[in-house]
Each structure stands twice: as structure tokens, then as C-alpha cells.
Amino acid sequence: MKRYVLSVLVENHSGVLSRVSGLFSRRGYNIDSLSVGVTEDPGISRMTIVVKGDKYIVEQIKKQLNKLIDVIKVIELKPDSSVYRELILIKVATTTKQRAEVIEIVNVFRGRVVDVVSESLIIELTGDESKIEALINMLEPYGIKEIIRTGLTALERGNKVIKEHN
Amino acid sequence: MKATDAIVECLKKESVNLVFGYPGAAIMPLYDALRRSDIEHILVRQEQAAAHCASGYARTSGKVGVCIATSGPGATNLITGIATAYMDSIPLVAITGQVKSTLIGRDVFQEVDITGATEPFVKHSYLIKNSKDIPRIIKEAFHIAKTGRPGPVLIDIPSDILVEDIDFYYDEEVNIRGYKPTFVGHVGQVKRAFKRLEKSKKPVICIGGGIITANAEKELADFVEKAKIPVVCTLMGLGGIDHSSPYYIGMIGSHGHNYANRAVAEADVIVFIGARLGDRATGENKLFKNNPDIIHIDIDPAEIGKNLGTSIPIVGDAKNVLNQLLELVRPLKTEDWIDYLTNLKRNHKKASEDNDYVNPKYAIELLSDMLDDNAILVGDVGQNQIWVALNYKVTSERKFFISGGLGTMGYSLPAAIGSAIADKKRQVVAVMGDGGFQMSLQELATIKQNKLKVIILLFNNEGLGMVREMQYRTYKSEYAVDLSSNPDFIKLAEAYGIQGKIVKNNEGLKEAFDEAINSKGTFLIECMVNPKESTL
């Protein structure tokens, strides 16, 4: 089972998300993450879908997605030619004593502290999966209270845009 | 203009002159506009039948079938009909009423999320939120339903939107950026395909429903004759080639002709055209023992490679691709191969006689000899489906309809009604078992009301024969399902003003068929069939 990242242009109206997610569940495809947002054209949204599977499954997913009337374009974003990013917010337990130590770790990762109270901090970090996993590992000893992740979002490197793909 | 009048206008622009439906509160405004229009409305007796009727109508007329139902239970009753059409790629537009847009999501009376419920088995669906979108959406819906790989499209319209006023417009062109079907085959691929065929010693063409959908029967016959390639078909492909053609072998599949299965098992190249290689057709791919090269022609790219690895994929409309192949065609050296297959077919044993009951296989053979050259036969589901599929000869201009993909019992009677309404000149026959008949027999009232003529051939074996057979084979128990408390079907038909006759053995069949064929109105022939009669 390999991980594949698909970038999908869809019509920006209600019901599209349920059509896409419904397709995955009813055909038994596994979604690792799905993130969606509006594009430079307000009528079009773009989804980044991370799936696990083999070549056959990904081929099927692309074809089945293309069959949906609301889907405008599907491309696969390969790791070597794409930028993968994810945003994470972590609420980590800190005593007053530990606070400076935690902030130091966050600085190494070029993360930001976005909320402080006496017993905890909220840390914001953007990066690829390995960077995010590394920060989580570093913070675990202090006690992670909550984590929220946006899921992967991605863009192809270089000048070419999704609409120029066949 | 009232939104409902706009809907009627749009339907007319799409050359709809007849719809099937069943009214209710939420859809009432549309019914009022329909009443004032010259669009004919056929009232069914349950909404599922409206979708099946529209399916039979679409398959007969080549137009998009339209069915209308109200919100809630009206809409949910359509579901099986919509799913049936989806699996067999039949173009339908289903219009449902919805509760007021301001009340959606509050679980009000007769509210159901029908766009959500039908999502897995519609080609597309719309919940209209703004009345000014109505003309655009209806235009798109018809375009989507009938182009590419056809299928059902659902339009759900809240009742408050139905009563709004809108400015009418109707675009000539449709432009949906996410929907651009490929109609013409890739030239290079078509060349590769024929090159591969030229090297083949044992080629077979396997056709599915796509040949019929694309109206490619003539092109197929041309190609087959010029290339000299034997043809087998799937259940949905029956009728795609004239059964009297010397190149036609038979139907493949788990319930297919064994000689047709032999043909694909021994082939070195198989060309699938408009077939999705469903499990019932390919025996979960166990049929292809010889590891043949697969050339797959289909308008739906997602079908290529889904169930079977493909050597040469060609995306396109069957008619276009066959025309492209016709430009390259040269006769192949297949005489020995065809002789071998036709011998297998010739030596296949015929239906046996049985004096205590009607032999359904013989009955279908006889009916096949007696019907017109352009008769329409609609089959149901169960043993009777296979009896028909294996023994009916779809020759000349005949048409053959069946619920192939979903296997919906109760399909044949309403679909035959739709056919009879679409073409009043052709003989229309509905074949079914006693199980399937009782799933749709309320539609006898639709027949009565519209004075239709349908020949109903009912095989009564007092049970669900195929279920019984499976039970016997799997669990060694014979009677988990027993329908022996059937009503008196002849009397029941009589209650609807329909003539009928019981036939107890093969001897009475010819006379009964004659009587049914010559009768002015609908005629029920109830054949008593041995409960232990086998499917194959």
C-alpha cells in the first residue's frame, strides 16, 4: 500500500463534498485525509485527497472521480515534483518552569506560540508530514492535551497549473 | 412566467410529450401546470413503476424517459427504479417535489433527503435552491441523462420554488466544465486493435448493452461480416446482433450458453464493446482461462480496466469506434474457428418435453417462432429471466429489455407498459414469474386505464424458482420460500378487465399464444411450471 496525493478541482457548491466522500466509502477506498478550500476562481474549489492503495486502486479512484459531473480535473501530485504542507495546532501542557524549554523547541521548528495560559500553550506549525511528526514527538513528554491537523494540502512545483494538465 | 410553466416549457423544448408519475402535496403545483399543458401524464399505481415505465419508454423510443413523484415516500418509492436504470445505463430524468426550501432539514411531513439517498446510483442530481436556475438545470439534466454513458438524473424541487415567478430562457447549448464525454476512439489505439485482431486465430467479439444504447447494431453487423469474427453477448447485449446471423454464437456468463462460454474461454483475443464485464457475465473472470488479449471499447473510461486487465483500451462511442474499425477492416482467416463454434452450438440439446407441466424453455422457443419480426419482449428476474435470455431469438427488428445489472423483480410489467405506450404498433410481451408479477401487479390498473395491449406471459411455479434452486444446492433444503398460496391470477386479471387463460402443458401453448396475439386488449397467459424445473 502506497500513499498517493490527488489534487481535485470541483464545482464550489453544496453537495460536492458528499458526492466525493460518498464515492470513497461506497467503493471501499481509504482516505487518509481530505482538505478543501476555494481557489482563485470563487466558483471552483480544490481538494487535496491523500489515499492509500495500489496503482490499480488509484487509477480507479481517478476515473471514478472524473465521472462525477461536479469534478472538473483530477491530477496526481508526486512527492518529488510537489510541495506538501500541513498545518497543525497543538495544545501542550506546560508548567511555568517548562515553558521556556518548550518555546525553544518550537523555535527550532520555526513554529509559533499562539496562545498562552498558566498550564498550557497552543503551538502552530506548518510543514510537511515528517516535520510535524518530529515536533509531536518532541512535545510528547510534556503532555499533549489536544491536536488538530488540517490534513495535507499540496501544489505542483514550477510554472504549470492544474488546468493545463490533460 | 410561473416556475411550473417554465418546467413544462423546458420539457417541451426537450421534446417530452409524455411523462409517468404519481402526484402528492409537494409536487401539486407542477401537476397543475401539466394539466394545462398538452404533455400527457400516465398515472401509475406506485412510483417505482413510474421509473420502470419511463425506462421501458426510453428503451423503446430512444428518448429520455421522464418520471415525476412527490416528496418523501413518493421520492423513496422511485429509488429502486432509478437504481435499476442506473445499472443498465438508461436515460431518465426523475423530477421530485420537495418540502418548502425554508423547512428543509427540519424533518417536516413527507421530507426526505432524496438527492442524498440516490447519490450512489444517479448519474447526477440537483436540489434546486433558486427558481431562476430551473431552465438551466433542466437543460443540463437532459443533456447529462442522454449523452455519454446514459443514466438517470434526479431534479428535486422545493414546493415554494415551484410557485415562484421567473423569466423564461432556454439556452441552445450546454457547457458543463466537468462533463465532456469522449465520443471518438483514439486513432492509434483503433489501429493497434485491428492489428492485434489480424494476428489472431481465435478472435471473439463480446457485446454488451452499449451496442444497443449507441444504436450501433448495423455497424457491428457490418464489421462482423467483413472481418469474419464470431460474436457472443452478455445479458444486456442480447439484441445487439441478429440471432440469425451466422456469426452469432450465444450469451456468455454464469447462466449463459455453455458453447458461448467455451468461445471466450478458448479465444486468443476478445473485443469487448459496450460491456462492463459484470461478475455474472464473466464468472468473476474465471471464464478467461486462455489468458486472451483484451481489447475493450467503452464510452465510460472507468469501466475499462475495472474488472479485467485490458491490453488495448479504446474510449469512445461504440458506433463511432466501429465506423473507425470499418475503415481498416479486412477478412480474417477464421473459417475453422467459426465452424468449430457453430458445431458446438448445433450439438447443444434442445428443451425436453414434459407432459405434466409447461416447459418454459419450450414455451419461449415457441413464442419466439410466433411473434412479429419487430416485437418487443421485456423479461423479469429469476429463473424466467434466464429461460427467456437463453431461448428467445432476438432477430430482425426485435427488441429485448431486461433489468440486467440490478436484477429488479417486478421490472417487466411496468417496463412493458412504458414500451406499449411508446410504440403502439409493435407487439409487446412481458414475461415474468409469479413472484415478480406480484411485485408489480397493481399496474394492471394502468393497463386498464390506458387501454393498452400487452401480452403477459406468466410462468407460475408457485415459488421463487431460482431461490429454491440455490437453497437446494447450498443448504439442501427445498422449501424455505413457498408461494403456494398464490391468488387466482386469471380471476385477478379479470377484475381489471383483462382476459386470461391457464395453460397446463405444452400442448395448450400454441392456441393460447394465438389467442393472446390476436386479442384486442391485454392478455394474460398463465403457464403452470414444474416447481423443480431447472434454470439452465
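**Comments concerning the sheet that holds strand 3 (residues 65-69) of chain B**
Residues and elements named next belong to chain B. Here 6 strands make up an open sheet; going across it, the order is 2-1-3-4-6-5 and the pairing parallel. The open sheet is flanked by strand 2 (40-43) and strand 5 (124-127), the only strands paired with a single partner. Strand after strand, the sheet turns through a mean of 20 degrees between neighbouring axes, direction not considered. Here 4 bridges tie strand 5 to strand 6 (residues 152-158), and the two strands are oriented parallel to one another. Considered in strand 6, the bridge of tyrosine 126 is made with isoleucine 155.

**Describing the domain arrangement of chain A**
Residues and elements named next belong to chain A. Assigned domains within chain A: domain 1 (2-76) and domain 2 (83-153). One C-alpha centre belongs to domain 1, the other to domain 2, and the line joining them spans 29 Å. For the domain 1 and domain 2 pair, buried surface summed over both sides reaches about 500 Å², with 51% attributable to carbon and sulfur atoms. Together, Arg3, Val5 and Ser35 form the three largest contributors to the area buried by domain 1 at its contact with domain 2, with a combined 63%. Among the residues forming the side of domain 1 that touches domain 2, the class breakdown is 2 nonpolar, 3 polar and 1 charged.

**Quick notes on the interface of chain A and chain B**
Each side of the interface is counted separately: chain A has 21 residues, and chain B has 19 residues. For the pair chain A and chain B, the summed buried surface comes to about 1600 Å²; carbon and sulfur atoms form 42% of the total. On inspection of chain A and its partner chain B, the count reaches 4 salt bridges. Close ionic contact of lysine 67 of chain A with aspartate 300 of chain B constitutes a salt bridge, the shortest N to O distance being 2.6 Å. Put simply, chain A and chain B have 11 residue pairs in polar contact (both at pLDDT 80 or more) between them. A per-element tally of the side of chain A that touches chain B places helix 2 (residues 55-67) of chain A first, with 6 residues. Within the side of chain A that touches chain B, the residues separate by chemical class into 7 nonpolar, 7 polar and 7 charged.

**Re unusual backbone geometry**
All names here are of chain B. Residue serine 396 is not a glycine yet carries a positive backbone phi of 50 degrees. With respect to the element layout, serine 396 can be found in the loop between helix 16 (383-391) and strand 14 (399-401). Positive phi outside glycine occurs at glutamate 462, with the angle close to 50 degrees. Within the fold, glutamate 462 resides in the loop between strand 16 (455-460) and helix 20 (465-475).

**A word on the domain arrangement of chain B**
Residue and element names in this part refer to chain B. Taken domain by domain, chain B consists of domain 1 (3-162), domain 2 (187-346) and domain 3 (360-528). Put simply, the middle of domain 2 and the middle of domain 3, counted by C-alpha atoms, are 30 Å apart. With 13 residues of domain 2 at the interface, the matching set in domain 3 holds 14 residues. Buried area between domain 2 and domain 3, both sides added, is near 1100 Å², and the carbon and sulfur share of it is 68%. Scanning the region where domain 2 abuts domain 3 turns up 0 salt bridges. Taken together, domain 2 and domain 3 are joined by 3 residue pairs in polar contact (both at pLDDT 80 or more). Per-class residue counts for the side of domain 2 that touches domain 3 are 5 nonpolar, 6 polar and 2 charged.

Criteria and cut-off values
Residues numbered from 1 in each chain as written. Chains lettered and ligands numbered in written order. Predicted model: local features only at pLDDT ≥ 70, side-chain atom pairs only at ≥ 80, totals over all residues. Heavy atoms only, no water. Pairing = 2+ DSSP bridges. Helix = DSSP H or I, 4+ residues; strand = E, 2+ residues; numbered from the N terminus. Axes fitted to C-alpha atoms, helices over the stretch in contact; angles between N-to-C directions. Domains from an automatic or database assignment. Buried area = accessible area lost by both parts, 1.4 Å probe. Nonpolar A, V, L, I, M, F, W, Y, C, P; charged D, E, K, R; others polar. Contact = heavy atoms within 4.5 Å. Salt bridge = Lys/Arg side-chain N within 4 Å of Asp/Glu carboxyl O. Polar contact = N/O pair within 3.5 Å; in protein donor to acceptor, adjacent residues only side chain to side chain.

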